[in-house]
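Coordinate analysis (summary)
Residue strings, one per chain:
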Amino acid sequence: MSLWVDQYRPRTLDELHYHPNLSLRLKSLAASGDFPHMLFYGPSGAGKKTRIMCTLRALFGAGTEKLKIDQRVFLSPSNRKIEVNIVQSNYHLEITPSETGNYDRVVIQEVLKEIAQTQQVDLSAKQRFKVVIINEADSLSRDAQAALRRTMEKYMSNLRIILCANSTSRLIAPIKSRCLLIRVAAPSGEEMQECMKHVAKRVNFPLPTEVAQKIIDDSEGNLRKAILCLEALKTQSPDLSGDLTIAKPDWETYCHKVADMIIQEQTPARVMDVRAKFYELLTHCIPPGIILKTVAERVVERVDETLKPEIMHWAAIYDVRLRIGSKKIYHLEAWVVKVMSLYKRFICGMDLSDFD
Amino acid sequence: MPSTFFKPQPNRQPAQGQKHALEPALQPWVEKYRPKTIDDISAQEHTVAVLRKTLSSTNLPHMLFYGPPGTGKTSTILALARQLFGPDNFKNRVLELNASDERGISIIREKVKTFARQTPRAQVVASDGKTYPCPPYKIIVLDEADSMTQDAQGALRRIMETHARITRFCLVCNYVTRIIEPLASRCSKFRFTPLDSVSTTSRLEYIAREEKVDVDADVLNALIRTSGGDLRRAITYLQSASRLSTSTNPPVPITAEEIQEIAGVIPDSVVEDFARTLGVEITGGMEVDRAPGGRSFEKIQKHVKQLMRDGYSGTQILAQLHDLITLNHLLTARQKSLSSLAFAEADKALCDGADEELWILEVALRISKAIASEES
Ligand SMILES: Nc1ncnc2c1ncn2[C@@H]1O[C@H](COP(=O)(O)OP(=O)(O)OP(=O)(O)O)[C@@H](O)[C@H]1O
Ligand SMILES: [Mg+2]
């Protein structure tokens, strides 16, 4: 049994719920023979991937849903073996650079070349080109991006590339220049209501508006999260009544705990405790940037208005350092110390003014 | 593991010339309207003038083309080579290597060596009945040379010298500073500038005529503004807009707003709203939000989160907010300077891969502080 998110995922452009103009645009692009390279961007859970798959289906027909997974081996320049799983149909193929470690350039280059040198095996195919989807394109290394540039032009007759990313900021200008940019905004509250009601109808149960609203408030525009949550709640309490609590993921609760610890006490001993918690989070593969942001946002909720901008300022500063540096824990910790000292100074300052 | 997907077609070369296989009607316009001769190149008058001379004298120096994306670098060298050698000889006289090829030093050396070894033979008349100068050397195009390592570039120096008699190199890149000096100094440099609005307009009008799409002055202006001198982008936008306009029945005319939407430009009203949240007064705006506490931390943070949810790209927000702030007459020089500092730092941070939300928030808070600090 598959999850509702997958089971009730729209399959064609006509079934898509929100952003009707965008769907229309994709439809007209797919209907014309001169489909461009594309770059879909937007926050996670906004439905980029769903839209891409619908577009593919509009391009090639239902055959794009017959997926198979191939394990392929590539050789790095230093003759190391890189094993990559590649999801593909007869018409398209997907790669996720983060799965290829430091060798994204080699893998992408090999895959694209192979495809460029092959023709559509299926002679009845509606298009003469094949599509390569590159997921998480914003994590492509600079090298890999550079390698894409001329390839995108040279092999245009049998290859189209669809990049999928959260933001365009990390992509180099020559890549953006070669793509049609498609922004996929997160659905609004009402739009999410509609989607969830639709799922509920297909599963066949009534969804009270308050329950839907509660889920929406918690999911920050992430429709995937919302539908997953709906399914979880429904299994928990089949009639969706009573006091429904939406469970936060463990790491989030953990981050909030860290924030509370910082506010409770500002001592070297406390820094050590916090560090232990950070290590725990890091070993569970929570990205350090997410940790920093989640903790910072929680701290800010609980301090005085005047402190808030400064705390976020330092979060921003240490966020960059964390990306450039190699020891993530140093920067997380440095930020904690910074915040503790700011907080302590603020409290002391308050005490003094109280005496005046 | 062989799969049907990767069935190689041995007699099909991925190299040049294969694009002709495609019906022109189905080609993306950027490829369809890639200049065929150097006289088709818009703008870049100086470069074209110099290259035209080399066509008649048939003597070519090593060359270095540099400039921003979509200004005609690759097109120029391909057109020039085609005019020098004609369709028949193009393949055996021109070697195109780019960043997607394996470009270790040894590979380059090997490829160039084997390529340069076969001495070019002069020829008479090409299959299309025209005669071509067909000078006795080969051209090696290193496209995207700025992504070559320093070592590879160093080695290239020697290679250039060893084969100087029968090869000419053309290095193509976006960032000339990434080319090591000894290499750059061996080449004649040609700078490709972003296309001016007149050249962009005439090229776009030409394409629009050929494709029978109607574009009015507003649309052209929008294309020029949003593409920033990158003709490839302007052409892609135009094509998508025309797809969209002809998909309805009856076809609707292309509008400037649509171009903006396709180009990923954030609507002015969205940026203005955001600026208002930060305390910037917008002249001509309907209502000016000056409520006390109107730009509290929470309010700003909420607004930033909304922008992120709408998927606007961080760099785009910064760019448009920057324009709005620096052109605003009601802000003092000091307020603008403080804001500019924030913009600069944020730009760097985003390039380094920092979190967009944190940095847009940072900029927003700093602007609002700069503005608040000078209010009575
Ligand atoms: N000066 C120009 N005149 C006419 N067409 C141009 C010009 N510049 C760009 N174009 C159009 O844009 C497309 C891309 O141009 P080209 O490949 O030459 O760009 P480039 O300068 O090599 O860019 P990049 O730095 O991204 O490789 C061409 O196919 C052509 O349609
Ligand atoms: Mg180029």
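Residues numbered from 1 in each chain as written. Chains lettered and ligands numbered in written order. Predicted model: local features only at pLDDT ≥ 70, side-chain atom pairs only at ≥ 80, totals over all residues. Heavy atoms only, no water.

Just so we agree on the cut-off: UniProt positions are given in the numbering used here, feature names are shortened, and annotations may be inferred rather than shown by experiment.
Chain B carries the name Replication factor C subunit 2 in an unreviewed UniProt entry, which gives Pterulicium gracile as its organism. Taken verbatim from the UniProt record of chain B, the Subcellular location (unreviewed entry) comment is "Nucleus". UniProt lists a comment for chain B under the heading Sequence similarities (unreviewed entry), and it reads "Belongs to the activator 1 small subunits family."

Per an unreviewed UniProt entry, chain A goes by Replication factor C subunit 5 and derives from Pterulicium gracile. Recorded in UniProt for chain A, the comment headed Subcellular location (unreviewed entry) runs: "Nucleus".

**Topic: the overall build of chain A**
The condition that has to hold: A run of H or I in DSSP becomes a helix once it reaches four residues, and a run of E becomes a strand once it reaches two; helices and strands are each numbered from the N terminus. To measure how exposed things are, a 1.4 Å probe is used in the Shrake-Rupley method; for residues, cover is taken only from the protein chains shown.
Across its full length, chain A carries 14 helices and seven strands. Counting only C-alpha atoms and orienting by the principal axes, one finds that chain A spans roughly 85 × 55 × 35 Å. For chain A, the accessible surface area stands at approximately 15900 Å², while carbon and sulfur atoms represent 52% of it.

**Thoughts on the interface of chain A and chain B**
Defined as follows: Residue contacts are defined here by distance: any two heavy atoms, one from each residue, within 4.5 Å place the two residues in contact. Put simply, buried area is the surface a 1.4 Å probe can reach on two separate parts but cannot reach once they are joined, added for both. The term salt bridge refers to a pairing of a side-chain nitrogen on Lys or Arg with a carboxyl oxygen on Asp or Glu at a separation within 4 Å.
Contact residues are listed per partner, giving 75 residues for chain A and 74 residues for chain B. For the pair chain A and chain B, the summed buried area comes to about 6900 Å², and 52% of that belongs to carbon and sulfur atoms. Its largest share of buried area at the contact with chain B, chain A owes to Arg25(A), Asp34(A) and Arg150(A), together 10% of the area lost on that side. In this assembly, chain A and chain B are joined by nine salt bridges. Taking the shortest distance from any N to any O, the salt bridge between Asp355(B) and Lys293(A) comes out at 3.2 Å.

**Things to note about the site of ligand 1**
Operational definition: One heavy atom within 4 Å of a molecule or strand makes the whole residue count as near it. Counted as a polar contact is a pair of N or O atoms within 3.5 Å, where, for protein atoms, one must be capable of donating a hydrogen and the other of accepting one, and residues adjacent in sequence contribute only when both atoms are in side chains. Three categories are distinguished: nonpolar for Ala, Val, Leu, Ile, Met, Phe, Trp, Tyr, Cys and Pro, charged for Asp, Glu, Lys and Arg, and polar for the others, with Gly belonging to the last.
Around ligand 1 sit 23 residues in total, of which Val30(B), Lys73(B), Thr74(B), Ser75(B) and Arg232(B) are the nearest. More than one chain approaches ligand 1, the contributing ones being chains A and B. Interatomic distance of 3.0 Å between a backbone N/O atom of Gly72(B) and a nitrogen atom of ligand 1. Within the contact set of ligand 1, an oxygen atom lies 2.4 Å away from a side-chain nitrogen or oxygen of Arg232(B). When isolated, ligand 1 has an accessible area of 630 Å², and the protein chains bury 100% of it. The class makeup of the residues in the shell around ligand 1 is eight nonpolar, seven polar and eight charged.

**Focus: the pattern of salt bridges**
Under the definition given, this model contains 35 salt bridges over all chains. Here Arg298(A) ties to Asp260(A) by a salt bridge, and the two come within 3.7 Å at their closest N and O atoms. Here Asp260(A) lies in helix α10 (residues 250–264) and Arg298(A) lies in helix α12 (residues 288–302), a separation of 38 residues in the sequence. Across the salt bridge formed by Glu298(B) and Lys308(A), the nearest N and O atoms sit 2.9 Å from each other. Placement of Glu298(B) in helix α12 (residues 297–309) and of Lys308(A) in helix α13 (residues 308–324) is noted, with the two residues assigned to different chains. Bridged by salt links that share partners, the residues Arg150(A), Glu153(A), Arg178(A), Glu31(B), Arg34(B), Glu96(B), Asp143(B) and Arg232(B) form one connected network.

**Digging into the packing of helix α14 (residues 333–351) of chain B against helix α15 (residues 356–372) of chain B**
All names here are of chain B. Heads up, the rule is: Interaxial angles span 0 to 180 degrees and are taken between N-to-C directions of axes, which are lines fitted to C-alpha atoms, for helices over the stretch in contact. Any angle that falls under 35 degrees is termed roughly parallel, while one over 145 is termed roughly antiparallel, one within 65 to 115 roughly perpendicular, and all others oblique.
Where α14 contacts α15, the two axes come as close as 9 Å, and the packing angle between them is 170 degrees. The angle between the axes of α14 and α15 places the two elements in the roughly antiparallel class. Mapping the contact onto sequence places Gln-335, Leu-338, Ser-339, Leu-341, Ala-342, Phe-343, Glu-345, Ala-346, Ala-349 and Leu-350 in α14 and Glu-356, Trp-359, Val-363, Arg-366, Ile-367, Ala-370 and Ile-371 in α15.

**Details of the side chain of Thr74(B)**
Residues and elements named next belong to chain B. We count it as follows: Any residue under 20% of the maximum accessible area for its type is buried, any over 50% is exposed, and the rest in between are partly exposed; the area is computed with a 1.4 Å probe on protein chains only.
Here Thr-74 is to be found in helix α3 (residues 73–93). Of the residues examined, Thr-74 reaches a relative accessible area of 12% and is grouped as buried. Here Asp-143 takes part through its side chain, which lies 3.1 Å from a polar atom of the side chain of Thr-74.

**So, the sheet that holds strand β1 (residues 63–66) of chain B**
All names here are of chain B. Test applied: Criterion used throughout: strands pair if DSSP finds at least two bridges between them.
Pairing is parallel across the open sheet formed by five strands, whose spatial order is β2-β3-β4-β1-β5. Each of the sheet's edge strands pairs with one partner strand only, and the pair in question is β2 (94–97) and β5 (188–191). Along the sheet, successive strands turn relative to each other by an average axial angle of 15 degrees, direction set aside. In this sheet, strand β3 (residues 138–142) lies alongside β2 in parallel orientation, the contact comprising four bridges. Residue Val-94 lies in a different strand from β3, and its bridge partner there is Ile-139. In this fold α3 packs onto β1, β2, β3 and β4 (167–173), with an angle of close to 135 degrees to the strand it touches most, β2.

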